[in-house]
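For reference, the chains in residue letters:
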Amino acid sequence: MGKKSLLICGGLVFVHLFLLFNLSFTAWPEMLAWPFFILRGWVPYKDFAMVHTPLLVLDLAIFNKIFGIGAVQLKIYGWILIALTDLTLFYVVKRLWSVKTALYSLLFFIPLQILYDGNGIWFDYALSIWGLLALYLLLTKRYLAAGAVWALAFFTKQTAVWFLFPISFVMLGEGFGERAKKFIVGAACTFTLGASILWIFGILPGFLFWAIKFGIGILPRAAGQINSPTGTEALRALLPFSVLPFALFIDWKKYLPFAIWAGFGILGAIPRWELFHF
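On a predicted model such as this, the values are computed, not experimentally measured, just so you know.

K.L.:
Report on the nonpolar core, specifying residues and quantitative values.
P.N.:
If you look at the biggest cluster of nonpolar residues, it comprises 30 residues, and the most contacted ones within it are Met31, Trp34, Leu56, Val57, Ile121 and Phe123. Mapped by element, the contributors of at least two residues to this core are helix 2 (29-39), helix 3 (55-67), helix 4 (71-96), helix 6 (123-139) and helix 10 (204-218). Discounting chain neighbours no more than four positions away, the residues touching Val57 are Met31, Trp34, Pro35, Ile38, Met50 and Phe123. Within the second largest apolar cluster, 23 residues are counted, among which are Ala134, Leu135, Ala160 and Ala187.

In structure tokens form, the structure reads like this:
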């Protein structure tokens, strides 16, 4: 990869961050409160309820331990995560296809990220990096590592479970059993490590209740959680995906895996249909 491509990539990331710096930043209260509680000695799932899996909050708590807690620190953390997402997208597409395709992907991703209320920090935002890496590892036939990355995605937010469907599709074909076995082993090892850490801190039962039983089985159906879109909202959210039917018409075999990946990714916005979930 030439210096010119690196400069263009760096320039696009800079433009992205410059735009975000001049737009309204969404500081979700949980992203300030939960790390604050942890740094004050409160234990998640035990001393306070947290209906999400813990990886993002714990990482944010470590960041706050080093740099302090506040809106400015939250912005910096969010913008670092967004820049890392840009760079991950560029790297993955470059390795799978070409530098030119990677630059075009980044060029299209930046306005879409802004369109989907991406100037902030929430669990869905952190899923992007894991999703990109999982796809890359699958397409390069590193199924063990793909399983581990998917498990990390689940520990970031439970909606990562939707990606099991496109993941299975990518692994279809001759040798599916061996591929699936490697993927499951990678995921199981990561889950075992995560569960062991939760058990050591005495919060595994609380995690299973709040993040799994309540967060997956009860909360999505609770009053006030279901938010159906209006026609205008649905059109705005789904408009960028309108390119998929044309791509499938041109070469459905080539683009079907990505259409399925995108389709199941959309399910992360259900039942709370809000743009930032995209």
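K.L.:
Can you break down the environment of Val93 residue by residue, with the values?
P.N.:
Along the chain, Val93 falls in helix 4. Each C-alpha atom of the pair Val93 and Val170 lies 17 Å from the other, and the pair is 77 residues apart in sequence. Val93 has contacts with Ser98, Thr101, Ala102 and Ser105, leaving out every residue within four places of it along the chain.

K.L.:
An account of the environment of Phe163 is needed here, citing residue identities and associated values.
P.N.:
Take Phe163: it is sitting in the loop between helix 7 (143-156) and helix 8 (164-170). Measuring from C-alpha to C-alpha, the distance between Phe163 and Gly263 comes to 9.7 Å, with 100 residues separating the pair along the chain. Residue contacts for Phe163: discarding those within four places in its chain leaves Trp150, Trp261 and Gly265.

K.L.:
Which residues make up the pattern of salt bridges, and what values go with them?
P.N.:
For the structure shown, the criterion picks out 1 salt bridge. Between Lys157 and Asp124 there is a salt bridge, with the nearest N and O atoms lying 3.0 Å from each other. With Lys157 in the loop between helix 7 and helix 8 and Asp124 in helix 6, this residue pair connects regions lying 33 residues apart in the sequence. Neither residue differs from the other here; Lys157 and Asp124 are each classed as buried.

What counts and what doesn't
Residues numbered from 1 in each chain as written. Predicted model: local features only at pLDDT ≥ 70, side-chain atom pairs only at ≥ 80, totals over all residues. Heavy atoms only, no water. Core = buried A, V, L, I, M, F, W, Y, C linked by side-chain atoms within 4.5 Å. Buried < 20%, exposed > 50% of the residue type's maximum accessible area, 1.4 Å probe, protein only. Helix = DSSP H or I, 4+ residues; strand = E, 2+ residues; numbered from the N terminus. Contact = heavy atoms within 4.5 Å. Salt bridge = Lys/Arg side-chain N within 4 Å of Asp/Glu carboxyl O.

Geometry only, nothing functional implied.
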